[in-house]
Every structure is written in C-alpha cells, then in structure tokens.
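Listed below, chain by chain, are the residues.
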Amino acid sequence: MSEVAVEKVEIEKAPKEPLFSTKNKKLITDPLNENNPITIQVLGICSALAITVQVKQAVFMSLSVLVVLMAGNWIISALRNLIPNRIRIIVQLVVVATLVTLVDLALKAYVPDVSEKLSVFVGLIITNCIIMGRFEAFAMGNRKWPSVLDALGNGLGYAWILIAVAVVREVFGSGKFWGFQLIPDSWMMANGGFYMNNNLMILPPMALITVGVIIWIQRARNTNLIES
Amino acid sequence: MEAVNIFIKGIFVENMIFAYFLGMCSYLAVSKTVKTAVGLGAAVIFVLGITVPINYLLENYVLKEGALTWLGAEYASIDLSFLSFILFIAVIASMVQLVEMVVERFSPALYGALGIFLPLIAVNCSILGGALFMQERQYASIGDATSFGLGSGVGWFLAIVAIAAIREKLQYSNVPAPLKGLGITFILTGLMGMAFMAFMGIEL
C-alpha cells in the first residue's frame, strides 16, 4: 500500500512539461548537427553508403529507418521497466526484427521497384547501429514522449546526410534527380556535345569520399567537433 | 572447384567492406591499432564461417517455399520466408553466445584474444549481411555457402587489418585538423576501395 502511495505523490510532484519544451526541442535539433548519428556518433554507416546512388532509394531508406526507430523507441521505452537487464539485447533485437519485417513487407507491397533495389539493406536495418544505439542510450532510461522525439531527431539527422550524399551522387553520376534528366541529351559527348557524366560517382568508393567531405565541411565550420 | 571460386570472389571481388560497406561501424571503431583489428577480424571469420551454413540449412529446410516437404507432401505449399529476419538474427545472437562459451571452456588463450570482441559481433552488419546475401544468391550446396561465409570473413579481415596499419602510420603525418580521425579514415577507405575495384569484373 505504502509503495503505491509514494508513486502517486511522485506523479503529482513532477511538474507537467509542455509537449515541446526547450529540452524536448533540443532532442530534435541536436542530432541534426552537433550530435549527428552518422558524422559524429559514427553509427549506421553500413546502410547509409550503399543505397545512396539514387535520391529515391535514399528517401525510402531514411523513411524506413525513421519509422522503425520511432516505433521501436516507443515500444522499448514503454517496456523498459519490464525487460530483465541480462536479456535486453535479445528483446531489443526481436522488437527491431519484427518492425523491420513489417516495413519490408510494406515496401514490397507498395513500392516493389524500390524494394528490389534496396535488396538486403532493408533487412540490415536490424543491425543498424543507430537503432540499437538509441535503444541502449535513450529509450531504456527515458519516458515515451521524449524517446519518440529523440528517435525523430536521430532519424532526421540520418536522413539529411543520406539525402545529401544521394543528391551529389545522382546529379554528378547520372545527371538525374529523382529519375528526371537534368542534362539535355544533346549536351552528351556521345551525341557530339561537351558533357560527360562522372561514372566514378556511381561506384562505391565515392560514397565514402563524399561522406568524408561532408565531415570535413561540418568540422571546419564548427571547430568544437575536431578530434584531438 | 566452384567453392574455391566463391571463396576468392568473396575476398576480392565482392569484398564486404569495399563493395557493400557491411560492418562499417566496428570497422571504423576498432581499427586504431593492428592488434585489436586482428582479433576482431579473426572473430568475424570464425562467426561468419559458422552462421552462414547454419542459416543455409534453416533457409533450405524450414523457411523457403516447399522447404518443409521432408515432413510430408501436405507441407509443400508452406512459405515461411517472412520469418527469415527474426530467425536469422536469433541464430546469430545465440551462436555468438554459444561460441563464446565453448571457446572460453576449451581454449582460454583464444578466448583471451577474441573475448571482448565476440559479443560485439552479434550486431555487426556483415554477419547478418552474409546470411541475407546467402539467401538472395541461392547457393547450390552447403559447401558453397560455407566457402562464401569464410571468403567474406577473410575479405573483412584483410580490410580491417589494412586500414589499422595505415592509421597507425597516419599518426606521424600532418592531416588538416577538421579531417583528423573520422574524416581521413573515410577518404582512405574510399581510396582503398578504388584499388580493390581493379578486381572488379574478374570472372572466376
């Protein structure tokens, strides 16, 4: 009985936070730049590089990660007091694997062409370090609403890097944006013009170098982030 | 002969790091010294060599459409492939746990060398990636699948040891301050990837 009473008092004592307080806003804005999951925390790189050949794939990939991360963070945060500490990794993996299966089936049903291009990388969201990292670092110790906001912030931080890399690679590599031709055919070298697409951009190494350059620009602008 | 081809292809042509970027997180985090890189690389070869054939058996005798025919003709139309993500990751997580316990019991020296890296590997993308590529490419026999697992592991080992060796030497060079650490590692991996592209298109 006494325990219940204590809990009630605590609930009454806790000041009611507005839904978008300064602290909550920071949860969203921090991961966009100063604590970006890809360029600062170095999480989730595996899938970030492989699917950035086209903007369309990158957008669908980041949407999938955003959905899985938000739903997963909410579930883990709701269950956080019920999960035994020793088996928490397995519980987390089961939650992610279930969500990823749902996302994979949804992609297969509604956008089969994108799903085919993403191939194994949708499945690899399961082992995407961003997801496990946010579960461990945030959702296991925070309430549901801040956890969802944290997931939103990190998902968007992941998305903008992905889309930035994809725009660079698609525009310079194949002269297109979202599948639309940007460079007229008559400019092409093959048709007697002066322009040629940089085919190297489509190949894997340039994804790494593009991310490297983004990191370079970001750290040159914000010198606090430089590693010693 | 086919198995040897798959093995060599896994190391050079379809290298996990340079062609598919799998396992990048631990590749970047654990490549500061050659010694730890060798430990993690060996653990990845070990776990890929074990989990790919197990997942191959699971795929072909449980999950695929018609895989349950060995139970009786009435099971021929069952397709359980929607369960593959959950089962693959469960196999990987439990095998890593099991391998850790067996190694600790029978070879304390190896455990000392690999010990801290084994739990890390359950969430290494290259292990699940190996299982998913195996599913997508439909290898003909368990021997081919095993040599694919081992080949990919050796390729990953090669990549992480090479970058660790470069990063050790990099301490003595004058890198622009904003590129230090992470940035230069990305660009170096890109350059190494270009070198590995020389193997592209080799038909084995």
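## Description of the overall build of chain A
Scanning chain A from N- to C-terminus turns up 10 helices and two strands. Reading the helices (α) and strands (β) of chain A from amino to carboxyl end gives α-α-α-α-α-α-α-α-α-β-β-α. For chain A, the spread of C-alpha atoms along the three principal axes comes to 85 × 45 × 30 Å. Partitioning the contacts of chain A with sequence separation of at least 6, the portion at a separation of at least 24 is 76%.

## Section: the interface of chain A and chain B
Bring the parts together and some accessible area is lost; that lost area is often taken as the interface size. Contacts between chain A and chain B engage 36 residues on the former and 37 residues on the latter. Counting only elements with at least two residues in the side of chain A that touches chain B, the list comes to helix H3 (45–50), helix H5 (88–110), helix H7 (120–123), helix H8 (129–137) and helix H10 (204–221) of chain A. A per-element tally of the side of chain A that touches chain B places H10(A) first, with 11 residues. For the side of chain A that touches chain B, the class distribution of residues is 28 nonpolar, six polar and two charged.

## Structural notes on the confidence of the model for chain B
For chain B, per-residue confidence averages 86 on the pLDDT scale, and 97% of positions sit at 70 or higher. For this predicted complex, the interface confidence score (ipTM) comes to 0.81, while the overall pTM stands at 0.83.

## Observations concerning unusual backbone geometry
Only a minority of non-glycine residues have a phi that is not negative, and only a minority of peptide bonds are not trans. All names here are of chain B. A positive phi angle is found at Phe21, which is not glycine, with a value near 60 degrees. The phi dihedral of Gln138 is positive, around 55 degrees, even though this residue is not glycine. For Gln138, the position within the fold is in the loop between helix H7 (125–137) and helix H8 (142–170).

## Quick look at helix H9 (residues 182–196) of chain B
The end-to-end C-alpha separation of H9(B) is 21 Å, in line with the 21 Å expected for 15 residues at 1.5 Å each. Those residues of H9(B) that fall on the buried side of the exposure criterion are B:Leu182, B:Gly183, B:Ile184, B:Thr185, B:Phe186, B:Ile187, B:Thr189, B:Gly190, B:Gly193 and B:Phe196. Residues of H9(B) that are buried make contact with H10 of chain A together with helix H1 (2–13), helix H2 (24–29) and H8 of chain B.

## Digging into the packing of helix H4 (residues 55–79) of chain A against helix H9 (residues 144–174) of chain A
Residues and elements named next belong to chain A. The contact between H4 and H9 brings their axes to 8 Å, and the two run at 165 degrees. What the angle tells us is that H4 and H9 run roughly antiparallel. Considering the relative orientation of H4 and H9, their crossing is right-handed. For the contact of H4 with H9, the per-class residue count stands at 19 nonpolar, six polar and three charged.

## Quick word on the environment of B:Gln97
Structurally, B:Gln97 is set in helix H4 (residues 84–106). Considered as a pair, B:Gln97 and B:Gly72 are 25 residues apart in the sequence and their alpha carbons are 34 Å apart.

## Quick word on the packing of H4(A) against H5(A)
All names here are of chain A. Two elements in contact, H4 and H5, have axes whose closest approach is 10 Å; the angle formed by their N-to-C orientations is 140 degrees. For the crossing formed where H4 meets H5, the hand is right-handed. On H5, the residues touching Phe60, Ser64, Val67, Val68, Ala71, Gly72, Ile75 and Ile76 of H4 are Gln92, Val95, Val96, Leu99, Val100, Val103 and Leu107. Split by residue class, the contact of H4 with H5 holds 12 nonpolar, three polar and no charged.

Thresholds applied
Residue indices begin from 1 for each chain and proceed along its sequence in written order. The naming scheme follows written order: chains are lettered A onward, ligands numbered 1 onward. The predicted nature of this model means local features are confined to residues of pLDDT at least 70 and side-chain atom pairs, given and counted, to a pLDDT of 80 or more, with totals for whole chains, interfaces and linings taken over all residues. Under the scheme used here, helices are H or I runs from DSSP no shorter than 4 residues and strands are E runs no shorter than 2 residues, and both carry numbers assigned from the N terminus. The contact rule is simple: place each C-beta atom from the backbone, and if two of them lie within 7 Å, those residues are in contact. Amino acids outside the nonpolar list (Ala, Val, Leu, Ile, Met, Phe, Trp, Tyr, Cys, Pro) and the charged list (Asp, Glu, Lys, Arg) are all regarded as polar, and Gly is one of them. Confidence of the predictor in every single residue is expressed as pLDDT, which spans 0 to 100. Each helix should span, by expectation, one fewer than its residue count multiplied by 1.5 Å. Using C-beta atoms placed from the backbone, we call a residue buried if 20 or more other C-beta atoms fall within 10 Å of its own, exposed if 12 or fewer do, and partly exposed for counts in between. The axes are straight lines fitted to the C-alpha atoms, using for helices just the contacting stretch, and the angles between their N-to-C directions are given from 0 to 180°. The cut-offs work like this: below 35 degrees is roughly parallel, past 145 is roughly antiparallel, 65 to 115 is roughly perpendicular, and the gaps in between are oblique. Each crossing gets its hand from how the near helix is turned against the far one by less than a right angle, where anticlockwise is left-handed and clockwise is right-handed.

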